[in-house]
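# Topology and contacts: notes
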Amino acid sequence: MIHIVDNLTSTNAWLSKYNSEIDDVVLAIEQAQGRGRRGNTWESEKGGFYASMVSSKHELLPFIVGISIIKVLEPHCRDLNLKWPNDIIFKGKKLGGILCEDFGTYSIIGVGINLENKPPLEGTTNLSSHGIDFDKSVFLASFLFHFDRISSLSSKEIIEEFTKFDCLIDNEVFWDGNSGIVKSIDLDGSLVVQSKGQKINLYSEEVHLERH
Ligand code: BTN
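This text gives an overview of the structure that appears in the document. Note that the structure is a prediction, hence the values are computed from the model and not measured.

## Regarding the overall build of the chain
Counting its secondary structure elements, the chain contains four helices and eleven strands. In terms of overall dimensions, the chain is globule-like: its C-alpha atoms have a radius of gyration of 17 Å, near the 17 Å expected for 212 residues. Oriented by its inertia axes, the alpha-carbon framework of the chain measures out at about 50 × 40 × 30 Å. Buried residues in the chain amount to 50% of all 212 residues. Of the roughly 10,800 Å² of accessible surface on the chain, a fraction of 47% belongs to carbon and sulfur atoms. Charge separation in the chain, taken as the distance between the mean sites of 21 positive and 30 negative side-chain charges, equals 4 Å.

Okay, structure coming up:
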């Protein structure tokens with residue numbers, strides 16, 4: 001079932017609270033306590049796209065969601081990228097994010113995209129400032145179509161598709177006082193980085209293109 005709600009705390013929290021079923025979706029016009037990754041807040045004023053869906057578990061869920069978003073936007077925007085593992089990048093700035101939460105037997109995926117809302121943080125952007133208008137229900141319908149299709153691909157195909165768009169590949173990245181060159185993404189979704197003469201796999205680190 002697809003629910004459209006004016007205002008709620010967080011679409012991810014709402015779906016987990018109301019014992020939803022696989023494929024249930026909620027789209028909110030605004031969120032009072034939108035959640036980002038790592039306990040961050042996701043500013044969610046009117047004008048943005050805020051939706052969540054209950055999904056079967058899949059090791060590569062954030063990748064499937066990321067590729068689906070790219071497929072929705074690609075006909076309308078040039079210069080789109082993904083940034084491993086959860087960011088949507090437009091013209092070098094963060095356009096949106098993905099929050100996948102594991103609930104044991106199922107997962108909840110949350111998608112936030114800056115449409116007309118003005119994201120407050122430096123290094124972020126929205127579509128309307130580039131003259132691109134997007135209707136939320138059109139976005140949602142197209143997303144669900146692509147999500148269904150991409151979910152049925154093999155892990156190898158999903159990683160290959162994600163890699164085409166990932167802005168980290170072949171670049172130097174910095175995390176937790178370390179640095180290295182990104183070589184690839186493994187089939188389990190980890191980032192393969194060449195660092196201090198050896199290849200290492202990063203699983204959930206906050207990885208930056210600039211030294212922090
Ligand atoms: C990130 O930190 O980049 C992930 C942001 C995810 C935000 C979306 S908005 C819809 C859904 N509901 C939430 O509370 N968060 C996600």
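## Considerations on the site of the ligand
Surveying the vicinity of the ligand reveals 20 residues, the closest of which are Ser10, Thr11, Arg35, Arg37 and Lys94. Ser10 places a side-chain nitrogen or oxygen 2.7 Å from an oxygen atom of the ligand. Measuring from a nitrogen atom of the ligand, one finds a side-chain N or O atom of Thr11 at 2.8 Å. Isolated, the ligand exposes 410 Å² of accessible area, and the fraction of that covered by the protein chains is 97%. When contributions to the shell around the ligand are tallied by element, the ones reaching two or more residues are helix H1 (11-17), strand S3 (49-55), strand S6 (93-102) and strand S7 (107-113). Here the shell around the ligand gets four residues from one element, more than from any other, and that element is S6. Its residues assigned to classes, the shell around the ligand comprises six nonpolar, ten polar and four charged.

## A few points about the environment of Trp14
Relative to the assigned elements, Trp14 resides in helix H1. Given a relative accessible area of 19%, Trp14 falls into the buried group. Along the primary structure Trp14 and Ile69 are separated by 55 residues, whereas in three dimensions their C-alpha atoms are 22 Å apart. Setting aside its immediate chain neighbours within four residues, Trp14 contacts His3, Val5, Leu8 and Val26.

## A closer look at the pattern of salt bridges
A side chain with one charge can pair with a side chain of the opposite charge if their charged atoms come near. Inspection of every chain in the model, using the stated rule, returns nine salt bridges. With a closest N to O distance of 2.8 Å, Glu101 and Arg35 form a salt bridge. Of this pair, Glu101 sits in strand S6 while Arg35 sits in the loop between strand S2 (25-31) and S3, and the two are 66 residues apart along the sequence. By relative accessible area, Arg35 is classed as partly exposed at 36%. One salt bridge connects Lys83 with Asp87, and the closest N-O pair in it is separated by 3.8 Å. The exposure class assigned to Lys83 is buried, which follows from its relative accessible area of 16%. Three or more residues are tied together by salt bridges with common partners; here these are Lys71, Glu74, Glu161 and Lys164.

## A word on the packing of helix H2 (residues 61-73) against helix H3 (residues 136-151)
Where H2 meets H3, the closest approach of the two axes is 8 Å, and the angle between their N-to-C directions is 130°. Judged by the inter-axis angle, H2 sits oblique to H3. Relative to H3, H2 is oriented so that their crossing is right-handed. Contact with H2, carried on its side by Leu61, Ile64, Val65, Ile67, Ser68, Ile69, Lys71, Val72 and Leu73, involves Phe139, Ser142, Phe143, His146, Phe147, Arg149, Ile150 and Ser151 of H3 and no other residues of that element. Classifying every residue of the contact of H2 with H3 by side-chain character gives eleven nonpolar, four polar and two charged.

## Comments concerning the packing of aromatic side chains
Geometry of an aromatic ring pair is reported as the spacing of the ring centres plus the angle between the planes. A full pass over the atoms with the stated rule returns six aromatic pairs. Between Trp14 and Tyr18 the ring centres are 5.0 Å apart and the planes differ by 55°, which places this aromatic pair in the tilted class. A residue is classified by how much of its surface remains accessible, and Tyr18, at 46% relative accessible area, is partly exposed. Between Phe63 and Phe162 the ring centres are 4.7 Å apart and the planes differ by 65°, which places this aromatic pair in the edge-to-face class. Of this pair, Phe63 sits in helix H2 while Phe162 sits in helix H4 (residues 155-165); the two residues are 99 residues apart in sequence, bridging distant segments of the chain. Across the pair, Phe162 and Phe63 agree in class, each one buried. Taken together through their ring pairs, the aromatic side chains of Phe49, Phe134 and Phe139 make up a single cluster.

Rules and cut-offs
- Residues numbered from 1 in each chain as written.
- Predicted model: local features only at pLDDT ≥ 70, side-chain atom pairs only at ≥ 80, totals over all residues.
- Heavy atoms only, no water.
- Helix = DSSP H or I, 4+ residues; strand = E, 2+ residues; numbered from the N terminus.
- Rg over C-alpha atoms; globule rule 2.2 N^0.38 Å.
- Buried < 20%, exposed > 50% of the residue type's maximum accessible area, 1.4 Å probe, protein only.
- Areas by Shrake-Rupley, 256 points an atom, 1.4 Å probe, with all protein chains shown as cover.
- Lys, Arg positive; Asp, Glu negative; His and termini not counted.
- Charge placed at Lys NZ, Arg CZ, Asp CG, Glu CD.
- Near = heavy atom within 4 Å.
- Polar contact = N/O pair within 3.5 Å; in protein donor to acceptor, adjacent residues only side chain to side chain.
- Nonpolar A, V, L, I, M, F, W, Y, C, P; charged D, E, K, R; others polar.
- Contact = heavy atoms within 4.5 Å.
- Salt bridge = Lys/Arg side-chain N within 4 Å of Asp/Glu carboxyl O.
- Axes fitted to C-alpha atoms, helices over the stretch in contact; angles between N-to-C directions.
- Parallel < 35°, antiparallel > 145°, perpendicular 65-115°, else oblique.
- Left-handed = near helix turned anticlockwise from the far one by under 90°.
- Phe/Tyr/Trp six-rings, centres within 6.5 Å; stacked < 30°, edge-to-face > 60°.

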